[in-house]
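Report on the structure
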Amino acid sequence: MTENYTALYEQHKLAGASFTDFGGWQMPLKYSSELAEHHAVRNAAGLFDLSHMGEVWVTGPDAAAFLDYALAGKLSAVAVGKAKYSLICQEDGGIIDDLISYRRSEEKYLVVPNAGNAKVVAAALAERAAGFDVTVEDVSAETSLIAVQGPNAEAILLTLVPAEQHSLVTELKYYAAVEVGITVNGAVQDLLLARTGYTGEDGFEIYVPNGDAAGLWEALLEAGDGHGLIPAGLACRDSLRLEAGMPLYGNELSREGNPYAAGLGPVVSLAKESDFIGKAALAELKARGAGSTSGRKLVGLKGLGRRAGRSHYPVLKDGNVVGEVTSGQPSPTLGYPIALAYVDVEHSEPGTALDIDLRGKPEPFEVVALPFYKRQK
């Protein structure tokens, strides 16, 4: 039985949510129709509770140098106010988690790991901090995270932000964050607003103390009235991120895999001056030129028929197994089945014809470049 509930659990119940266990948290899977929620995010806006995600503050004179050592990316190169997608790896190059780090000042970063890995990442950072003048503080338990995603997200948010701060929102770039005043329960509160998301659409993520989460949720719903905003659950979040070609930890990413096989080689900064955990193993993998130790690479697959492949279904070439699906379902936006899969490198070029074994019946698919869907700017 799940023991973790977000500060918005009662709001979800009142809205008629169906719940599921995700990363040890009881989370809304959908409220009414996952298809309606998916299309709302693509065409208007969706409101997500992401409070199961982790939040870890890293502060101190050595914060930048420490994160350069602890993570695979060069966090010291991130400008104040900006964010960077990165990986925390094992010594052998296996991926412990993918995460986003926000640089809030010269000596202060907010690291956001995935829900199921939050405690593991916080513990790993605390362990790796030995010898660095930094403080690692896990504030996940007292922090909520609410996301507004979709083409109307900015207009909705502006109704809650004082007019004199509107430019802070409208000029905020992708993968950047700023503190802005947001009206909650009739009072303006300074909250951290990030222009990030996991849907392939424009949108924002707002960090708020647990005690103010319900007020912010209700304020956003009210502000979204007339803009097409509806609450959205994890089911549509998964279909949205799949269309956007974004990996999910536990599906596309794992300790057994590595960044190069997952197409995340650019995230790894082998050129940074400092050593980092996993550097030697990752340098060897890159030098070998292999996607992974098993010679497989993550690709996108477009269905040529109507039936969708699902996680763990075999991928075939001329009847022989050459890979495995990691995520797959019909695409609500595109109207055909899509999947992410690890396939043998020799079959990974776009245009390659492959089949997915759907319970004994081969279904035709084609390797395509990612993402499947890209929003119009």
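Residues numbered from 1 in each chain as written. Predicted model: local features only at pLDDT ≥ 70, side-chain atom pairs only at ≥ 80, totals over all residues. Heavy atoms only, no water.

The protein chain appears in an unreviewed UniProt entry as Aminomethyltransferase from Pseudarthrobacter scleromae. Per UniProt, the comment on the protein chain under Sequence similarities (unreviewed entry) is "Belongs to the GcvT family." UniProt annotates the protein chain under Function (unreviewed entry) with the comment "The glycine cleavage system catalyzes the degradation of glycine." (UniProt positions renumbered as here; feature names shortened; annotations may be inferred.)

This part is about the overall build of the protein chain. The helix and strand tally for the protein chain stands at 9 helices and 20 strands. The C-alpha atoms of the protein chain give 21 Å as radius of gyration, which agrees with the globular expectation for 377 residues (21 Å, within 12%). The principal-axis extent of the C-alpha atoms belonging to the protein chain is close to 65 × 50 × 45 Å. Looking at the 377 residues of the protein chain, the share that counts as buried comes to 55%. (Helix = DSSP H or I, 4+ residues; strand = E, 2+ residues; numbered from the N terminus. Rg over C-alpha atoms; globule rule 2.2 N^0.38 Å. Buried < 20%, exposed > 50% of the residue type's maximum accessible area, 1.4 Å probe, protein only.)

Let's shift gears to the packing of aromatic side chains. When we look at a pair of aromatic rings, we describe it by the centre distance and by the angle of the planes. Under the criterion given, the structure shown has 6 aromatic pairs. On the numbers, 4.8 Å between centres and 70° between planes, the contact of Tyr5 with Tyr9 is edge-to-face. What makes Tyr9 buried here is its relative accessible area of 19%. Between the aromatic rings of Tyr69 and Phe132, the centroid separation amounts to 5.5 Å while the plane-to-plane angle is 35°, which identifies the pairing as tilted. Here Tyr69 is found in helix 3 (residues 63-70), whereas its partner Phe132 is found in the loop between helix 4 (118-128) and strand 9 (135-138), with 63 residues between them in sequence. The side chain of Lys108 reaches across the aromatic face of Trp57, ending 4.7 Å from its centre. In this structure, Lys272 is placed above the aromatic ring of Phe276, and the distance from its NZ or CZ to the ring centre is 4.5 Å. (Phe/Tyr/Trp six-rings, centres within 6.5 Å; stacked < 30°, edge-to-face > 60°. Lys NZ or Arg CZ within 6 Å of the ring centre and 35° of its normal.)

A contiguous patch of negative charge, built from Glu91, Asp92, Glu256 and Asp275, is present on the exposed surface. Here Asp92 is to be found in the loop between strand 6 (83-89) and strand 7 (95-105). (Patch = residues over 30% accessible without salt bridge, like charges linked within 9 Å, V, L, I, M, F, W, Y side chains within 5 Å. Areas by Shrake-Rupley, 256 points an atom, 1.4 Å probe, with all protein chains shown as cover. Salt bridge = Lys/Arg side-chain N within 4 Å of Asp/Glu carboxyl O. Lys, Arg positive; Asp, Glu negative; His and termini not counted. Charge placed at Lys NZ, Arg CZ, Asp CG, Glu CD.)

Here the focus is the UniProt feature "domain: GCVT N-terminal" (unreviewed entry) in the protein chain. Look at the UniProt record and you will see "domain: GCVT N-terminal" (unreviewed entry) annotated at residues 8-272. Summarising residues 8-272: 27% helix, 30% strand, and an end-to-end C-alpha distance of 41 Å.

Before going further, it helps to examine the sheet that holds strand 6. The strand order across the open sheet formed by 5 strands is 6-7-8-5-9, and the pairing between neighbours is antiparallel. One side of each edge strand has no neighbouring strand; the edge strands of this open sheet are strand 6 and strand 9. Each strand axis lies, on average, 25° off the axis of its neighbour in the sheet, ignoring direction. (Pairing = 2+ DSSP bridges. Axes fitted to C-alpha atoms, helices over the stretch in contact; angles between N-to-C directions.)

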